[in-house]
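Each chain, written out:
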Amino acid sequence: MPHWEMSWQLAAVLAGSLFAAAGVAWLSGRPRLCAAVPFVREAGLVVALYALWQYAGTYSVMGPQGALPRARWIWHAERAWHLPSEAAVQHLVLPYRLLVETFNLYYATMHFIVLIIFLVWLFARHRDHYSQIRVTLVLLTGACLLIQLVPVAPPRLLGGVGLIDTADVYGQSVYALGGGMADQFSAMPSVHVAWATLIAVGVWRATSSRWRWLAVGHAAATWVVVIATANHFWLDGIVAVALLVAAWPVAGAVRAALASVTVRAAAVRRHDLAPAESPADRLGTSADVRSLGAR
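The rules behind the values
- Residues numbered from 1 in each chain as written.
- Predicted model: local features only at pLDDT ≥ 70, side-chain atom pairs only at ≥ 80, totals over all residues.
- Heavy atoms only, no water.
- Patch = residues over 30% accessible without salt bridge, like charges linked within 9 Å, V, L, I, M, F, W, Y side chains within 5 Å.
- Areas by Shrake-Rupley, 256 points an atom, 1.4 Å probe, with all protein chains shown as cover.
- Salt bridge = Lys/Arg side-chain N within 4 Å of Asp/Glu carboxyl O.
- Helix = DSSP H or I, 4+ residues; strand = E, 2+ residues; numbered from the N terminus.
- Phe/Tyr/Trp six-rings, centres within 6.5 Å; stacked < 30°, edge-to-face > 60°.
- Buried < 20%, exposed > 50% of the residue type's maximum accessible area, 1.4 Å probe, protein only.
- Lys NZ or Arg CZ within 6 Å of the ring centre and 35° of its normal.
- Axes fitted to C-alpha atoms, helices over the stretch in contact; angles between N-to-C directions.
- Parallel < 35°, antiparallel > 145°, perpendicular 65-115°, else oblique.
- Left-handed = near helix turned anticlockwise from the far one by under 90°.
- Contact = heavy atoms within 4.5 Å.
- Expected span 1.5 Å × (residues − 1).
- pLDDT = per-residue confidence, 0-100.

Visitor: Quick rundown of a nonpolar patch on the surface? Include the residues and the values.
Guide: A contiguous nonpolar surface patch, about 290 Å² in accessible area, is contributed by L139, V250, V254 and L258. With three residues, the top contributor of residues to the nonpolar patch is helix α10 (residues 234-273).

Printed below as a string of structure tokens:
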């Protein structure tokens, strides 16, 4: 399978380059370059988040030896809670090789590509919604990465549950490529589901066009793909959506706080830039007051 994903090192270099380019453009003072600064800066932020996500997959606060027992616990917990079996979903698509290969490719590439397209569209066409989505994306991704510090194996690595690693069987596994690929023990929660659901929410809130159903379809397809390829449990996606629900109001509060700070800073700046009152002005004002008092 082609190497579709950047390593965290390459993504970090690209993010730094974008931030540097934004700084140079802003310092230049040229109108055309300054107009491009917001786009370049936001692109740098997204790539930096991607680099952090990729890097987090190579680091954990606990050893990998507990990843499989935790995955097996999730498997048995889902059965106790009567959630659908991941194996049953996978067995529905296994007879269709082209469909399985499409799912593998979708899993490996579309999550980041669609996120970039969504953020560019939102920034260019619906700027009033962009700030909420950006802060939510940062909080959501950060929360996912914190949980992923505790290694959990994906269901495809569990033996005896009737699942296969479809990407490995069909020679499409990104994990076999090495060089910075996301770690295989970062299954909980599913960043794929988290981002896809955020995209659906953002598009649905930003526009009333019937095209917004494409975003909903992407979220639904992502759920099906991560389950059918055995890269995630149902619970991985459920936790991801729960984190999104929690991050949304927090992002609103953060935006409100930042807006308040910005308003106060602007007021202070206006006060500092206001022309100072000269002694003559103060003398004239005092004389006017005494004159009014005499009348």
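From this point on, the discussion continues.
Visitor: Residue-level account of the packing of aromatic side chains, with values.
Guide: What describes a pair of aromatic rings is the distance from one ring centre to the other and the angle between the planes of the rings. Under the defined criterion, the tally for this structure stands at seven aromatic pairs. Measuring from centroid to centroid gives 4.7 Å for F39 and F123, while their planes differ by 75°, and the two rings are edge-to-face. Pair noted here: F39 is in helix α2 (residues 31-56) and F123 is in helix α5 (residues 97-125), with a separation of 84 residues, a long-range link. The exposure class of F123 is buried, given its relative accessible area of 6%. Members of the aromatic cluster, connected to one another through ring pairs, are F39, F123 and Y130. Sitting over the ring of W75, R79 keeps its end group 4.3 Å from the ring centre. In this structure, R127 packs its charged tip against the face of F123, placed 3.8 Å from the ring centre.

Visitor: How would you summarise the packing of helix α6 (residues 127-148) against helix α8 (residues 191-206) if you had to cite specific residues and measurements?
Guide: It is at 11 Å that the axes of α6 and α8 come closest, and there the two elements cross at 165°. Taken together, the axes of α6 and α8 lie roughly antiparallel to each other. Handedness of the crossing formed by α6 with α8: right-handed. On the side of α6, the interface is formed by H129, I133, T136, L137, L140, T141, C144 and Q148, while α8 contributes V191, A194, W195, L198, G202, R205 and A206.

Visitor: For helix α9 (residues 212-228), give the residues involved together with the corresponding values.
Guide: Between the first and last C-alpha of α9 there are 25 Å, a value that for 17 residues agrees with the 24 Å anticipated at 1.5 Å per step. A positive backbone phi angle near 60° is found at A230, which sits one or two residues after α9.

Visitor: Explain the side chain of Q90 residue by residue, including any values.
Guide: Relative to the helices and strands, Q90 resides in helix α4 (residues 86-93). When near neighbours in sequence (up to four residues on either side) are disregarded, Q90 contacts G162, L163, I164, T166, A228, T229 and A230.

Visitor: Residue-level account of the pattern of salt bridges, with values.
Guide: Evaluation of the coordinates by the stated rule reveals six salt bridges. Two residues, R41 and E42, come together in a salt bridge whose shortest N-O distance is 3.4 Å. A relative accessible area of 37% means that R41 is categorised as partly exposed. Residue class for E42 comes out buried when judged on its relative accessible area of 6%. Between E42 and R134 there is a salt bridge; the shortest N-O distance is 2.7 Å. Pair noted here: E42 is in helix α2 and R134 is in helix α6, with a separation of 92 residues, a long-range link.

Visitor: Give me the confidence of the model for the chain: which residues, what numbers.
Guide: In low-pLDDT segments, the atomic positions of the prediction should not be examined closely. Within the chain, residue pLDDT values average 83, and 82% of them lie at 70 or more. Note on residues 177-182: pLDDT under 50 across the span, and 16 contacts to partners over four residues away in sequence or across chains. The low-confidence segment residues 285-295 (pLDDT under 50) makes one contact with residues lying over four places distant or belonging to another chain.

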